[in-house]
Each structure stands twice: as structure tokens, then as C-alpha cells.
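Residue strings, one per chain:
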Amino acid sequence: MTKATKILGLIGRAVDYSYSPLIHNTACRLLGLRYHYTVFNIAEPCMIEDALRGAKALGIAGFNVTIPYKKTVVPFLDELSMEAASIQAVNTIVNDRGKLTGHNTDIAGFASPLLPYRESIRGKTVSIFGAGGAALAAIEAFNRFFAPKEILLFVRDPEKSQSLLEDSGHDNRAPVTIVHSGAPEKIRECRVIVNATPIGTRGGQSDAQRSIIPLDRELLHSGQIVYDMVYNPLETPLLQAAAQAGAATVSGIEMLIGQAEHSFTLWTGMQMPVAAVRELLLQEIQQQ
Ligand code: NAP
């Protein structure tokens, strides 16, 4: 008798564009694992509870969770990992015989490409543009892995962001200072600059891009690491400006692969064949 194929999927809204099926189905094929990864578009937050109850009944092996449901799923899970609990946001769910555990692999995925710079980040000021779920994961990663002196959070609505940080119950080891994105001068003194907004995404609004992200040669320099969470295009306007200024650059593709690698191990117990998956993924993005 052949073994049944286990189902994995991405919970999100309008996420047909996602590269996660390509990443995970490629990894499973290369390792000969009987899993199939698909996309579950869920229209409304009120449907999340039913979706997760159905997943238990159907024995779906696990999920990724993305915008806008990373926080919505939390009350409907049986357990949270320490990382997911720390920011009350889940990007990976494991179904262990009806028990759903929420994890957050964005934190380790974000940290992975910065680990070679670890010592040079310790005790320095770092900055993040945006204050959504991805920014919270970056704050947590900086605190867990890099011990910076201070985290500057550049946002367009400081009041809203302050309440988000308070709500998230952060046990902030490095102080987080919220700065209006209209005053980006402090960028000069930052060792790392992270874009955790969708600005720069292919097909996005170029005006909004000019309004917040520092493409200015006055602010970027060779002592910085510039990290754009946006991965399509691979070379965003921010990364192009950073490279011209002599800064080290990190593409969001590294975080995408890093978080996927950790999720894959949680579901399958196996190591993802990262080099082969990266090659295929880059080919796919470059063909678009
Ligand atoms: P989110 O929760 O919706 O947060 C987005 C943040 O960006 C908010 O703070 C929002 O500000 C800000 N923002 C959006 N448009 C803006 C604009 N035009 N000007 C200024 N600020 C703007 O989204 P998220 O989950 O944090 O994700 C953020 C980005 O990171 C997305 O592009 C996502 O695809 C990417 N991401 C990549 C990876 C990866 O693996 N590479 C992983 C996670 C996320 P307001 O609150 O004022 O609206």
C-alpha cells in the first residue's frame, strides 16, 4: 500500500502570488517526501476558527500563516512556542495528531543572513522602517541574537506604533525608540537599516517609496548593512542605493528562505536542501 500524501498549506488572503508552494514542494520532491504544499486563501478573519477546526478534523499536517492572519490565528491554537508567544504572532503551525502548535520562524529567518555580522552589530544602533508583524519579528531577532544598543523604529504614525509595541507585550532588552519617518537623519549612525514595509515591491507605489525610505546618499554609507525584507524584485531601489553608497546589502529572499527552512524542519523533521531550493527560486523570480 502506498503511503498517503500529507497536506501543508499557506493561510493568507489573496496570496496566490506566494513562492512558498514552489519552495516547499521543491524541497519535498528533492528529498522524496510525500507532502503537498498548497495555498488556502481565507477571505475574512471570522473564518479562521472554522478553518483551523477543519484542519484538525482533516489531519492537515501544518500551515504557514501570512498577512493578515499572523495574529488572528493565535487564540485558536493549543500551544505557542516561546518565540511566537513573545510577539503573539505565528507564521507556522504544526498539527500533531489534532494538537495545533504555533511557531514563529520569521525571527530566526530574519536573523540568519545577519549572523556573519553578529559581533559588529553588538552594542550598535540599528533601525527598522515599519511597525507591522515583520518589524516585530525583526525587533525580537535583534534582541535574541545581536544585543544592539538601541533600536530605532521609523514609522509614519508614531502614536499607532507606540500602542502596537505596548500591545505586543515586548520584553524589550534594547530600548526601542519610535521616530517619525519624516526625520530620517539618525539613519547615518545606524549599523543596520531594515525595510519592514512593502515599499519597493514590484508594482507598488513609487511616491510612497520616496516618502519614507532613505535612498539618500547623505544617509547611507559603507559602514552599514542594509536589509530589505521585500524580495520581489531582488534588487529593490533601497538595495540599489545602498550598494551605490558602498553598504553591505541583504535581500529579503534570504529571510524568505530562512523562515521556510525552519518551518520545513518543524513539519518534516528534515533539513531543507537550501542551495537547490535557492537556485530554483532565483530562476523563477528572474523570469518574471
Ligand atoms: P504589515 O503587518 O502590514 O505591516 C506593514 C508596515 O509597513 C506597517 O507599519 C505600515 O504602516 C508600513 N507601511 C505600509 N505601507 C507604507 C507606506 N507606503 N509608507 C510608510 N509605511 C508603510 O506587514 P508585515 O507582515 O509587517 O510585512 C511587511 C513587509 O515585509 C511586506 O512587504 C512583506 O511581504 C515583507 N515580509 C517579507 C518576509 C520575507 O521572508 N522576506 C517575511 C515577512 C514579511 P501603517 O501601520 O502606518 O500602515
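Residues numbered from 1 in each chain as written. Predicted model: local features only at pLDDT ≥ 70, side-chain atom pairs only at ≥ 80, totals over all residues. Heavy atoms only, no water.

Some words on the site of the ligand
Moving on, step 1. Near the ligand you find 20 residues, and of these Ala131, Ala134, Arg156, Lys160 and Gly252 are the closest.
Moving on, step 2. Here Gly252 contributes a backbone N or O atom positioned 2.9 Å from a nitrogen atom of the ligand.
Moving on, step 3. Surface burial for the ligand is 77%, taken as the share of its 920 Å² of free accessible area covered by protein chains.
Moving on, step 4. Elements with a minimum of two residues in the shell around the ligand: helix H6 (133–146), helix H8 (206–212) and helix H10 (252–268).
Moving on, step 5. For the shell around the ligand, the element with the highest residue contribution is H10, accounting for three residues.
Moving on, step 6. Its residues assigned to classes, the shell around the ligand comprises 12 nonpolar, five polar and three charged.
Moving on, step 7. Counting contributing residues, the shell around the ligand receives three or more from each of domain 1 (6–104 + 254–287) and domain 2 (108–250). (Near = heavy atom within 4 Å. Polar contact = N/O pair within 3.5 Å; in protein donor to acceptor, adjacent residues only side chain to side chain. Areas by Shrake-Rupley, 256 points an atom, 1.4 Å probe, with all protein chains shown as cover. Helix = DSSP H or I, 4+ residues; strand = E, 2+ residues; numbered from the N terminus. Nonpolar A, V, L, I, M, F, W, Y, C, P; charged D, E, K, R; others polar. Domains from an automatic or database assignment.)

Regarding the packing of helix H1 (residues 20–31) against helix H11 (residues 274–287)
Two packed helices can be described by the angle between their axes and the distance between those axes.
Moving on, step 1. Running from amino to carboxyl end, H1 crosses H11 at an angle of 140 degrees, the nearest separation of the two axes being 10 Å. Considering the angle they form, H1 stands oblique to H11. Seen from above, H1 lies across H11 with right-handed handedness. The segment H1 lies against H11, with Leu22, Ile23, Thr26, Ala27 and Leu30 engaging Ala276, Val277, Leu280, Leu281 and Glu284.
Moving on, step 2. Across the contact of H1 with H11, the residue classes tally to eight nonpolar, one polar and one charged. (Axes fitted to C-alpha atoms, helices over the stretch in contact; angles between N-to-C directions. Parallel < 35°, antiparallel > 145°, perpendicular 65-115°, else oblique. Left-handed = near helix turned anticlockwise from the far one by under 90°. Contact = heavy atoms within 4.5 Å.)

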